[in-house]
Every structure is written in C-alpha cells, then in structure tokens.
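# Working through the structure, step by step
Chain by chain, the residues run as shown.
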Amino acid sequence: MRADRPTPPLGTLYLVPVGLGEAPWASFLPAQAQAIAAGLRHFVVETARAARAHLKQLDYPHPLRDTDIRELPPDGGAGDQAALDALLAPALDGTDLGLMSDAGCPAVADPGARLVARAHALGIRVVPLVGPSSILLGLMGSGLNGQSFAFHGYLPVAEAERDARIRALEAESRQLQRTQIFIETPYRNERLFEALLKHCTPQTRLCVACDLTTADEFLHTRTISAWRKAPPARLAKRPALFLLLG
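So, a few notes on the structure that sits alongside this text. Quick caveat, the model's predicted, so the values are computed rather than measured. (Residues numbered from 1 in each chain as written. Predicted model: local features only at pLDDT ≥ 70, side-chain atom pairs only at ≥ 80, totals over all residues. Heavy atoms only, no water.)

### Topic: the packing of aromatic side chains
- A full pass over the atoms with the stated rule returns three aromatic pairs.
- Measuring from centroid to centroid gives 5.8 Å for Phe 43 and Tyr 60, while their planes differ by 75°, and the two rings are edge-to-face. One end of the pair, Phe 43, is in strand 2 (residues 42-45); the other, Tyr 60, is in the loop between helix 2 (48-57) and strand 3 (68-71), with 17 residues separating them in the sequence.
- Owing to a relative accessible area of 2%, Phe 43 belongs among the buried residues under this scheme.
- Ring centres of Phe 193 and Trp 227 lie 5.3 Å apart, and the angle between their planes is 85°; this geometry places the pair in the edge-to-face category. On the criterion of sequence distance, the pair formed by Phe 193 in helix 8 (residues 189-199) and Trp 227 in helix 9 (residues 224-229) is long-range, its members being 34 residues apart.
- Taking relative accessible area as the criterion, Trp 227 reaches 2% and is therefore assigned buried.
- Against the face of Trp 227 rests Arg 222, its NZ or CZ located 4.5 Å from the ring centre. (Phe/Tyr/Trp six-rings, centres within 6.5 Å; stacked < 30°, edge-to-face > 60°. Helix = DSSP H or I, 4+ residues; strand = E, 2+ residues; numbered from the N terminus. Buried < 20%, exposed > 50% of the residue type's maximum accessible area, 1.4 Å probe, protein only. Lys NZ or Arg CZ within 6 Å of the ring centre and 35° of its normal.)

Have a look at this one:
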C-alpha cells in the first residue's frame, strides 16, 4: 500500500511596514526587514498603486510586472473568508508572502488585521517586521500619557456629532488620564484642529503630528490655550495625527 505524500510546510506571512512619506528606506526600516521584503514575490496590499510605489522606495529588486500583488477585498460578506483564503493560497502552498498597508505598519488601524486573523486560524506563521507606526511615533513624541491610551480612528464627519465626540473624549481623558488619539482625512485636518481649539478647555494638552519620519516633520504639544495664541498650524492635505490629554 502506498503511503500518503507528506504535507508540505506552510509559508510565512510577513507584515511589512512601509514609509509614512518620502524618505530613504534606511531611515525608517531595519536592513533585515528590507531584505525580507526584497525576497518576497507575493504581496497582499491595501491599494496596489500605493504598494508598487512603496516597493520602489524599498529598492525592491524584482520587476513589479512579475510580482503577484493583490488587494484586500472590501470587509464583510459571506464570501469574506473564501476571499481571504484565496489571498493566503501562496502560504498554504508553502511560499512566503507579505502584507503591506498604504502607510506605516500593516494590521494596526488597518484592514490587514482580517488577513492576519485568518492566517492564525489556518495555522500560518505570522511574523511582524519592525518599522514605523504613526500612532506609536506620535505617542512617543507627544509627552502625553503613554501608560494609558486609546486610538479612535476617524471622528464623525457631521459637525454637531464631531463636536460632541470631542467633548466626550476630552472628558474621558480627564477622568481616566488617558491619551486620546485620532486622525482625520487630510483635507479636513484644519477644520478638526479649529474644532479642538474651540471645544476643549484651555488646560487640555494637544499634540499635532504631521509627516512623521520625513524632512517636513511637524510634532508639537501645547495646551489648548497656547495653541490659540500660536500662529495657525498648516495642516491642509498633510497626513496628521491628533493626541489630547485632559
């Protein structure tokens, strides 16, 4: 009787951080992480166009036209698991692949977390590589409470709901001494900044972090009272992070 053929070992899912802006890869990524990314031929990404630009920034040595780059599907739906399994097919066949976000670290405030969760469910080894996270860099540089913090993503777009959310986050921050972290679409940055200055109390501390790890980096923490007296921050169309501590 012929013995069953052994099952090939599974590949590894590498979580590949990318830049937060225009900068040489050596300024934000360890050489080992770049070498691993350079050796991969299969990628799952948030946006293919952004991924190709990031691979060029990482001095990726292979022709991009011959590299398998596939986008994550929209979240949810009955076919979501099957779609994720299809993206993980190289690893199930024994080949390593990479996961990339549009900016910074994949799976942190990023839809790639779904793929990582599915990889764990299938027994695929997951290896996060060291690289830039705007959330952690902003928190590190803010001088605010790094022992207790929460990331809230985007605040509501509607003005009344946004303003109520700002007041609620400030009150919770003051009560729990928790740093509150959130982001906004770049073209609405200045409106959010103005709302923070209007609705937060003078003694609340606010950090604004823009273009981290690039030559145009801007990172300042001031009280709301001091921000009101300072020249207006130029935040339009810049990737920005807001951190407050009541």
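So that's the structure; there's more coming.
### A few points about the sheet that holds strand 6 (residues 149-154)
- An order of 6-7-10-8-9 is seen for the five strands of this open sheet, with the pairing classed as mixed. The sheet is open, and its two borders are formed by strand 6 and strand 9 (218-223), each paired with just one other strand. Along the sheet, successive strands turn relative to each other by an average axial angle of 15°, direction set aside.
- Note that strand 6 and strand 7 (residues 179-183) share four bridges and pair parallel. What sits directly across from Tyr 154, in strand 7, is Ile 183.
- Its contacts with the sheet put helix 6 (residues 134-142) on strand 6, strand 7, strand 8 (205-210), strand 9 and strand 10 (240-245), and the angle it makes with strand 10 is roughly 45°.
- Along the sheet, helix 8 contacts strand 7, strand 8 and strand 10; its crossing angle with strand 10, the most-contacted strand, is approximately 10°. (Pairing = 2+ DSSP bridges. Axes fitted to C-alpha atoms, helices over the stretch in contact; angles between N-to-C directions. Contact = heavy atoms within 4.5 Å.)

### Observations regarding the packing of helix 7 (residues 159-176) against helix 8
- Put simply, helix 7 and helix 8 touch, their axes get as near as 10 Å, and they point 55° apart. Taken together, the axis directions place helix 7 and helix 8 in an arrangement best described as oblique. Helix 7 and helix 8 meet at a crossing whose hand is right-handed. Between helix 7 and helix 8, the residues in contact are Arg 162, Asp 163, Ile 166, Arg 167 and Glu 170 and Arg 191, Leu 192, Ala 195, Leu 196 and His 199, respectively. (Parallel < 35°, antiparallel > 145°, perpendicular 65-115°, else oblique. Left-handed = near helix turned anticlockwise from the far one by under 90°.)

### Remarks on the pattern of salt bridges
- Under the definition given, this model contains eight salt bridges.
- For Asp 211, the salt bridge goes to Arg 238, with nearest N and O atoms at 2.8 Å. Of this pair, Asp 211 sits in the loop between strand 8 and strand 9 while Arg 238 sits in the loop between helix 9 and strand 10, and the two are 27 residues apart along the sequence. Accessibility classification places Asp 211 together with Arg 238 in one group, the buried group. (Salt bridge = Lys/Arg side-chain N within 4 Å of Asp/Glu carboxyl O.)

### Let's talk about the sheet that holds strand 2
- One open sheet holds the five strands; their spatial order is 3-2-4-1-5, and the pairing between them is parallel. On the outer flanks of this sheet lie strand 3 and strand 5 (125-128), each paired with one strand and no other. Adjacent strand axes in the sheet meet at a mean angle of 25° when their direction is disregarded.
- Relative to strand 3, strand 2 is paired through four bridges, and the arrangement is parallel. Bridge assignment links Val 44 to a residue of strand 3, and that residue is Arg 70.
- Packed onto the sheet, helix 5 (residues 113-121) meets strand 1 (12-15), strand 2, strand 4 (97-100) and strand 5 and runs at close to 155° relative to strand 1.

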